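# Fold and contact review
The lines below spell out each chain.
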Protein chains: 4
Amino acid sequence: MAQVAVCGPAECGPEETDAARTVGRLLAERGAVVLCGGYGGVMAAAAEGARRAGGVVVGVLSGRDRAGASPDLTVALPTGLGEARNALIVRAADAVIVIGGSWGTLSELALAQRGGTPVITLGGWRVIDADGRPVRGPIAVADPAAAVRLALG
Amino acid sequence: MAQVAVCGPAECGPEETDAARTVGRLLAERGAVVLCGGYGGVMAAAAEGARRAGGVVVGVLSGRDRAGASPDLTVALPTGLGEARNALIVRAADAVIVIGGSWGTLSELALAQRGGTPVITLGGWRVIDADGRPVRGPIAVADPAAAVRLALG
Amino acid sequence: MAQVAVCGPAECGPEETDAARTVGRLLAERGAVVLCGGYGGVMAAAAEGARRAGGVVVGVLSGRDRAGASPDLTVALPTGLGEARNALIVRAADAVIVIGGSWGTLSELALAQRGGTPVITLGGWRVIDADGRPVRGPIAVADPAAAVRLALG
Amino acid sequence: MAQVAVCGPAECGPEETDAARTVGRLLAERGAVVLCGGYGGVMAAAAEGARRAGGVVVGVLSGRDRAGASPDLTVALPTGLGEARNALIVRAADAVIVIGGSWGTLSELALAQRGGTPVITLGGWRVIDADGRPVRGPIAVADPAAAVRLALG
């Protein structure tokens, strides 16, 4: 069964919330397990979308307990690893969908690229090299349906 | 929802297999999520028991991918952390049920005790102090039903 | 005593090698401990520079053993954590000097920013937001001396 | 260069303090790097012994910063990993010397055995199987000199 991580900031605007909720729903409808960081913002919206569609959502938490975890998680995994848990979320995923930008989110994008996991982005931050050219790797798409289609191959 | 880890060796005899399968089934029947190391032996038997009873089973794998993972996992999480993943299994659990003995299993028992997670043992290794007295902490029980009852408080 | 991480790609050109070697030397001359990923390229050059100047260099390796570690490390710490070790390098540092660009390097930059550790960059990749504006955080400098001066405050 | 971990409880009696200090000193005199958990008790005594003898001591801390770290560490590495850092200490060591007993200490002993790193014990807890027989693996010695001799093979 496919496992797809949805990564994005804990604080986000209504557009990102909508996109994350839709991505979560579409992944669940396709039978994929949704992995996320388990807290608010994009993470919570993706969890909500997946849960409402009857999907399985795993929140890989940075904290030592479930404090602050989204109520829509099927399983909340407090790792106690702090930011190192970002490496776990993307390691366990077949593909990573990034929605919006933050330093934590960027670390997940970079760790996924480093480890060879495909990354699909919906908006958010971009990376350019010293000459100002976009660094190849993440695939930018325009809407949730395209993101999910690419993620599930 | 309760999350209970079932820990034990990757190679075990029929008695431990039976006990693990029953523990997995009883946990699932009570609605608890089963966490385990995700590979063979006690881990696979607990996963099988829980899955057959319609439960959710998360395998927190030490490897970088799903190679060798039990087919009965709802979610397989390759952490790429090696033995450090043992700390995660017990950190994410409300209680730990230990079935049988091995060094990896003992590390989980010890990490759970260190972190304040209750440990219930079904057979397996025991720990004695320098004077030969049992070290307090883990609660030994005689059968799977007692283990699950204690774990779910 | 200050601890400064030097992060950069395992494969790099002569300019980055020179910069890393100089940064390592200057840090050691100022009495700072140098932390790095412990392998080749920028990591090895920083280690070499620091070691020649009599400094202490710790290589936090992703692998399970010391295979491939730079010979200039005072201490080689195989973590067996894979890419998750990137979080450790920056967590243990008072400041992070980034030389050059790669996905692994970017993950260290992002994890440092996420965790509140100051980041100083010498060339390398840059991050822009959805509107093409540079994301604030990392401080770009022109040469190794400026990087070390800023890192040691 | 050899790297030897010294593991033991954060709170210990004078006998264990003396043993740990001597072990630290002997390791440093033989040129070995001392790894430890970086806090009080056995860890601090080992660090003190090694530092006084001019050795290099690395404290692999469970916390996110250097709070509570022994003043005798050459390098303090806050990992932010909580108890999972126990796996790192033993993974990075060529041999592990255990002095005294606690659940955290036992987890290090068990993780070392699991990972194939030799373990030498000076007092402390012991492990017996279901039939009450000692589980093979750790080598018990009578004094610090024997522990260091074995650890450095």
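Residues numbered from 1 in each chain as written. Chains lettered and ligands numbered in written order. Predicted model: local features only at pLDDT ≥ 70, side-chain atom pairs only at ≥ 80, totals over all residues. Heavy atoms only, no water.

Facing 27 residues of chain C, the contacting portion of chain A comprises 27 residues. Between chain C and chain A lies a buried interface of about 2300 Å² when both sides are counted; carbon and sulfur atoms form 71% of it. On the chain C side of the contact with chain A, Glu83, Trp103 and Arg126 of chain C bury the most area, a combined 31% of that side's loss. Inspection of the chain C/chain A interface yields two salt bridges. The closest approach of N and O atoms between Glu83 of chain A and Arg91 of chain C, which form a salt bridge, is 2.8 Å. (Contact = heavy atoms within 4.5 Å. Buried area = accessible area lost by both parts, 1.4 Å probe. Salt bridge = Lys/Arg side-chain N within 4 Å of Asp/Glu carboxyl O.)

So, about the sheet that holds strand β1 (residues 3-7) of chain B. All names here are of chain B. In spatial order, the strands read β4-β3-β2-β1-β5-β6-β8; together these seven strands make up an open sheet with parallel pairing. The sheet is open, and its two borders are formed by β4 (75-78) and β8 (139-140), each paired with just one other strand. Sheet topology note: the β1/strand β5 (residues 95-99) ladder contains four bridges and is parallel. What sits directly across from Val6, in β5, is Ile97. Contacting β1, β5, β6 (119-122) and β8, helix α5 (residues 144-151) runs over the sheet at an angle of about 180 degrees to β6. (Pairing = 2+ DSSP bridges. Helix = DSSP H or I, 4+ residues; strand = E, 2+ residues; numbered from the N terminus. Axes fitted to C-alpha atoms, helices over the stretch in contact; angles between N-to-C directions.)

Our focus in this paragraph is helix α1 (residues 14-29) of chain B. Residues and elements named next belong to chain B. Here α1 spans 22 Å end to end across 16 residues, near enough to the 22 Å set by a 1.5 Å rise per residue. Turning to α1, its buried residues are Thr17, Ala19, Ala20, Val23, Gly24, Leu26, Leu27 and Ala28. Buried residues along α1 sit against β1, β2 (33-36), α2 (41-52), β5, β6 and α5. Once α1 ends, the next one or two residues include Gly31, with phi positive near 85 degrees. (Expected span 1.5 Å × (residues − 1). Buried < 20%, exposed > 50% of the residue type's maximum accessible area, 1.4 Å probe, protein only.)

For the rest of this paragraph, the subject is the side chain of Glu48 of chain D. Residues and elements named next belong to chain D. Position of Glu48 among the secondary structure elements: in helix α2 (residues 41-52). The class of Glu48 is buried, set by a relative accessible area of 17%. A distance of 2.5 Å separates polar atoms of two side chains, one belonging to Glu48 and the other to Arg52. Excluding anything up to four places from it in sequence, Glu48 contacts Arg21 and Asp72. (Polar contact = N/O pair within 3.5 Å; in protein donor to acceptor, adjacent residues only side chain to side chain.)

So, on to the interface of chain D and chain C. At the junction of the two partners, chain D supplies 20 residues and chain C supplies 20 residues. At the junction of chain D and chain C, the tally comes to two salt bridges. The salt bridge involving Asp94 of chain D is made with Arg66 of chain C; its shortest N-O contact spans 2.5 Å. Between the two partners, chain D and chain C, sit four residue pairs in polar contact (both at pLDDT 80 or more). Secondary structure elements with two or more residues in the side of chain D that touches chain C: β2 (33-36), β4 (75-78) and α3 (85-91) of chain D. Examining the composition of the side of chain D that touches chain C, we find that four residues originate from one element, β4 of chain D, more than from any other. Residue composition of the side of chain D that touches chain C, by class: 12 nonpolar, four polar and four charged. (Nonpolar A, V, L, I, M, F, W, Y, C, P; charged D, E, K, R; others polar.)

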